[in-house]
Amino acid sequence: MEVLVDLPLAFAQAREANSVPPEDHQRHRVNHGLMRTADGQWTFRYDRALRSGVPRDGIPPQEAWQLVANINVPTLVLRGENSDILASDVARRMVDEISECQFTEVAGSGHPIPLDKPDAFLSAVQAFL
């Protein structure tokens, strides 16, 4: 776990890791996305399991795809073009499996679309709704 001393350092590290978002959005996320560790230091709040590289026990893939196929409400699959979490082929298969599914890929965005491309995120969601 990366320990941070203060907000300016946290913002600098966030900006170094991802320079795509508008600075004001990224600053807001840093200011509201930190948590204190048990020893009183600050760290970023996120699901570390997604970034650990260690496979998690869970639903077998075939069973997971059967569950996805059971989704029967209008659904929007929104993927950042440069996402390192949701692969393009997985997103496309979701669209094929879900009966009422639309797909939008946001150019120039990584996985955190609302952070990287807030205007494109809003536009895609408003169009879907």
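Thresholds applied
Residues numbered from 1 in each chain as written. Predicted model: local features only at pLDDT ≥ 70, side-chain atom pairs only at ≥ 80, totals over all residues. Heavy atoms only, no water. Helix = DSSP H or I, 4+ residues; strand = E, 2+ residues; numbered from the N terminus. Buried < 20%, exposed > 50% of the residue type's maximum accessible area, 1.4 Å probe, protein only. Contact = heavy atoms within 4.5 Å. Areas by Shrake-Rupley, 256 points an atom, 1.4 Å probe, with all protein chains shown as cover. Core = buried A, V, L, I, M, F, W, Y, C linked by side-chain atoms within 4.5 Å. Phe/Tyr/Trp six-rings, centres within 6.5 Å; stacked < 30°, edge-to-face > 60°. Lys NZ or Arg CZ within 6 Å of the ring centre and 35° of its normal. Axes fitted to C-alpha atoms, helices over the stretch in contact; angles between N-to-C directions. Parallel < 35°, antiparallel > 145°, perpendicular 65-115°, else oblique. Left-handed = near helix turned anticlockwise from the far one by under 90°. Nonpolar A, V, L, I, M, F, W, Y, C, P; charged D, E, K, R; others polar.

## Describing the overall build of the protein chain
- Across its full length, the protein chain holds seven helices and four strands.
- Taken from the N to the C terminus, the helices and strands of the protein chain come in the order α-α-β-β-α-α-β-α-β-α-α.
- The buried share among the 129 residues of the protein chain stands at 26%.
- Once local pairs closer than 6 in sequence are excluded, the contacts in the protein chain between residues at least 24 apart make up 60%.
- For the protein chain, the exposed area adds up to about 8,600 Å²; of that, 53% sits on carbon and sulfur atoms.

## What to know about the side chain of Asn18
- When you line up the elements, Asn18 lands in the loop between α1 (7-17) and α2 (23-32).
- Setting aside residues up to four positions removed in sequence, Asn18 forms contacts with Gln26, Pro112, Leu115 and Asp116.

## Regarding the side chain of Ser109
- With respect to the helices and strands, the residue Ser109 is situated in the loop between β4 (101-106) and α6 (113-116).
- Here Ser109 is in contact with Gly80, Glu81, Asn82, Ser83, Asp116 and Lys117, once residues within four sequence places are set aside.

## Structural notes on the environment of Gly108
- By the secondary structure assignment, Gly108 is in the loop between β4 and α6.
- Note: C-alpha distance between Gly108 and Gly80 (28 residues apart in sequence) is 7.2 Å.
- Residues within four places of Gly108 in sequence aside, it is in contact with Val20, Glu81, Asn82 and Lys117.

## Digging into the nonpolar core
- One finds Trp65, Val68, Val77, Leu86, Ala91, Ile98, Cys101 and Phe103 forming the largest nonpolar core, which totals eight residues.
- Those elements giving two or more residues to this core turn out to be α4 (61-69) and β4.
- If sequence neighbours within four positions are ignored, Leu86 has contacts with Val77, Leu78, Arg79, Ala91, Met94 and His111.
- Of all hydrophobic cores here, the second largest spans six residues; its members include Ala10, Val30, Leu34 and Phe44.

## Some remarks on the packing of aromatic side chains
- According to the stated counting rule, one finds zero aromatic pairs in the structure shown.
- The cationic tip of Arg27 hangs over the ring face of Phe11; the distance from NZ or CZ to the ring centre is 3.7 Å.

## Some words on the packing of α4 against helix α5 (residues 88-97)
- Direction vectors running N to C along α4 and α5 enclose 50°, while the axes themselves pass 8 Å from each other. By the criterion of interaxial angle, the relationship of α4 to α5 is oblique. Pair α4 / α5 crosses with right-handed handedness. Every residue of α5 that contacts α4 at Gln62, Trp65, Val68 and Ala69 is listed here: Val90, Arg93, Met94 and Glu97.
- Residue classes in the contact of α4 with α5 are distributed as five nonpolar, one polar and two charged.

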